[in-house]
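A closer look at the structure
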Amino acid sequence: MKPQATKPLLTVVAGLTLLGTAGCGSDGAADNAAGTPASSPASSPASAAAGTGAEGPGNYADGEYTGTGSYIPPSNQKEEVTVKMTLSGGTVTAVEVTPSGNNPTSKRYQAEFTDGIQEQVVGKPLDSLDVGKVAGSSLTSQGFNKALEMIKGEAAG
Amino acid sequence: MESFSFEAIGTQWHITTEVPVDTAVRSEVAALVEQYDAALSRFRPDSAVTTLGHSGGTAILPGYAAPLLDLFDSLERLTQGRLNPLVGGSLEQLGYGPGYPLRPLGPPAAAPGWTSTVSWQRQEAVETVALTLNQPATVDVGAAGKGQLVDLVWELLTARGYAAVVVDAGSDMRHSGPESLRVALEHPYDPGAAIGVLDLQDGALCASAANRRSWGEGLHHVLDASTGRPVDAVAATWVLAADAMTADGLATALFITDPALLAAEFSFEYVRMFSDGRAQFSNAMAGVLFS
């Protein structure tokens, strides 16, 4: 069973709403009503809870948390987003936001927030992996490598 | 599975097919690579773009230059000139040119404007492209050229009837066949490690990393053409797309622009790792990175 934590998720959603509004504002489309997130009554206590959580890890068990929130963009057409977070050792290691994208403008703004972020990549030794290929740029041209050796040699001498 | 390897355009190529590629077709592959290099390599003193760059004027290039230049037109526009093939001159200024002097000639120099300097035209009847420069300039197709050559080699082998063709040119690969290929994403700071693994099937994966070709403090080959300075916030990028030319170009573009900007016109998935160790990835790449 997945642990549920609705309140911190609403905080994330409220944050998205603000970002979304700022984005629309730069388009000249924002009005006063637009800044009010649909989930605002729930978001204030959630912010407080999240603040406490950030100070002392361990308030939430490791695992995946999923929640859904909604907001009303300037188009007045209600938008829903689903947020999935992965918590590990008290820190968020992954956030995935899935928008409903009811109208094209929201879809475009939401797309900018649906990309995942990992705070720190984790390296694993290549010889521990069962892979057919490695995608990187380890192979550089011989000419470049020779020239580099030469200037390093000159620098050392 | 059968495979053969060769070295060309500064990298090692590995080609895998279901049945062995016969000698005649291998010669065709070699001829194609040679033709591409002779037309488009700025590292060859006798190439068409090198000659064109000395004095400006018009060069006649093979027909496949059209989709390549078309891609560059789009990327230049979407990045507002930060990706621009005329960055070749800026690279030479920093010491990254023919013969690899690897010593800066002076302070960073912005590339000449792409649209104000370059024009090109398809010549349908003769399957060529006329590329015109109205002033001397160094054209560097490196941002997507290797990817395109991967595509051309893959298309040649497929057209000759070979199945399950994988063309791997180090940082750019194209796959087709019933079995997916498991690929590790090499850690940009540790060649013995990977930061994730993905399955590649019927498409292309291209990687770009800045630090591997570094020849001095803060000096590497991925530049912002509008300033002529190396980009330092992004350490490495990986892009999945239908073809390797597009994947290669987008992998470079992700060093200097936001994925959302590119997503407006291109269909692709990506991972990009920043020099502080953070990574950003598109939805379909969730689960690819180790955690």
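- Where an unreviewed UniProt entry is consulted, chain B appears under the name FAD:protein FMN transferase, with the organism given as Arthrobacter gallicola.
- Checking UniProt for chain B, the heading Cofactor (unreviewed entry) contains the comment "Mg(2+)".
- Taken from UniProt, the Catalytic activity (unreviewed entry) comment for chain B reads in full: "L-threonyl-[protein] + FAD = FMN-L-threonyl-[protein] + AMP + H(+)".

- As recorded by an unreviewed UniProt entry, chain A carries the name FMN-binding protein and is attributed to Arthrobacter gallicola.

1. Looking at the overall build of chain A
- From N to C terminus, chain A includes four helices and six strands.
- When the helices and strands of chain A are placed in sequence order, the string is α-α-β-β-β-α-β-β-β-α.
- Considering only contacts in chain A between residues 6 or more positions apart, those separated by 24 or more positions represent 50%.
- Surface exposure of chain A reaches about 8700 Å², of which carbon and sulfur atoms provide 56%.

2. Quick look at the nonpolar core
All names here are of chain B.
- By size, the foremost hydrophobic cluster in this structure holds 83 residues, and its most contacted members are Trp13, Leu40, Val153, Leu157 and Val167.
- The element best represented in this core is helix α3 (residues 65-78), accounting for eight residues.
- Composition of this core by domain shows at least three residues from each of domain 1 (48-133) and domain 2 (179-285).
- Grouped together as the second largest cluster of nonpolar side chains are 22 residues, Ile195, Ala209, Ala236 and Met273 included.

3. Some points on the packing of aromatic side chains
Residues and elements named next belong to chain B.
- Scanning the model with the defined rule gives seven aromatic pairs over all chains in all.
- Taking the centre distance of 5.3 Å and the plane angle of 20 degrees together, the rings of Tyr36 and Tyr64 count as stacked. Of the two residues, Tyr36 is situated in helix α1 (residues 23-40) and Tyr64 in the loop between β3 (57-62) and α3; the sequence distance between them amounts to 28 residues. Like Tyr36, the residue Tyr64 is buried in the burial classification.
- Taken together, the aromatic side chains of Phe4, Phe6 and Trp13 make up a single cluster linked through ring pairs.
- When the ring centre of Trp154 is taken as origin, the NZ or CZ atom of Arg174, which lies over that ring, is 3.8 Å away.

4. Quick notes on helix α7 (residues 244-253) of chain B
All names here are of chain B.
- By the criterion of burial, α7 is predominantly enclosed, with 10 of the 10 residues buried.
- Of the surrounding secondary structure, the elements contacted by the buried residues of α7 are α3, α6 (145-159), β7 (172-175), β10 (203-209), β13 (234-241) and α8 (259-263).
- Here α7 starts with a cap whose side-chain oxygen sits 3.2 Å from the backbone nitrogen of Met245, and that cap is Asp243.

5. What to know about the pairing of strand β1 (residues 2-8) of chain B
- Strand direction decides the pairing type here: β1 of chain B and strand β2 (residues 11-17) of chain B, joined by seven bridges, are antiparallel. The residue bridging Ala8 of chain B from the neighbouring strand is Thr11 of chain B, located in β2 of chain B.

6. Notes on unusual backbone geometry
Residue and element names in this part refer to chain B.
- Look at Ala164: it is not a glycine, yet its phi comes out positive at around 50 degrees.
- Relative to the elements of secondary structure, Ala164 occurs in the loop between α6 and β6 (166-168).
- Notably, Asp202 is not glycine yet its phi reads approximately 50 degrees, a positive angle.
- Structurally, the position occupied by Asp202 is in the loop between β9 (190-200) and β10.

7. Things to note about the domain arrangement of chain B
Residues and elements named next belong to chain B.
- Here chain B is described as being made up of domain 1 (48-133) and domain 2 (179-285).
- A separation of 22 Å is found between the C-alpha centroids of domain 1 and domain 2.
- Listed by partner, the interface residues are 24 residues for domain 1 and 25 residues for domain 2.
- Taken together, both faces of the contact between domain 1 and domain 2 bury some 2100 Å²; the carbon and sulfur share is 70%.
- Area buried by domain 1 at its contact with domain 2 is led by Leu78, Arg82 and Tyr96, which between them contribute 31% of it.
- Counting across the domain 1 and domain 2 interface gives two salt bridges.
- When the shortest N-O distance is used, the salt bridge between Arg77 and Glu265 registers 2.8 Å.
- Across the domain 1-domain 2 interface, the total number found is five residue pairs in polar contact (both at pLDDT 80 or more).
- Mapped by element, the contributors of at least two residues to the side of domain 1 that touches domain 2 are α3 and α4 (88-93).
- For the side of domain 1 that touches domain 2, the leading source of residues is α3, giving seven residues.

About the cut-offs
- Residues numbered from 1 in each chain as written.
- Chains lettered and ligands numbered in written order.
- Predicted model: local features only at pLDDT ≥ 70, side-chain atom pairs only at ≥ 80, totals over all residues.
- Heavy atoms only, no water.
- UniProt positions renumbered as here; feature names shortened; annotations may be inferred.
- Helix = DSSP H or I, 4+ residues; strand = E, 2+ residues; numbered from the N terminus.
- Contact = heavy atoms within 4.5 Å.
- Areas by Shrake-Rupley, 256 points an atom, 1.4 Å probe, with all protein chains shown as cover.
- Core = buried A, V, L, I, M, F, W, Y, C linked by side-chain atoms within 4.5 Å.
- Buried < 20%, exposed > 50% of the residue type's maximum accessible area, 1.4 Å probe, protein only.
- Domains from an automatic or database assignment.
- Phe/Tyr/Trp six-rings, centres within 6.5 Å; stacked < 30°, edge-to-face > 60°.
- Lys NZ or Arg CZ within 6 Å of the ring centre and 35° of its normal.
- Polar contact = N/O pair within 3.5 Å; in protein donor to acceptor, adjacent residues only side chain to side chain.
- Pairing = 2+ DSSP bridges.
- Buried area = accessible area lost by both parts, 1.4 Å probe.
- Salt bridge = Lys/Arg side-chain N within 4 Å of Asp/Glu carboxyl O.

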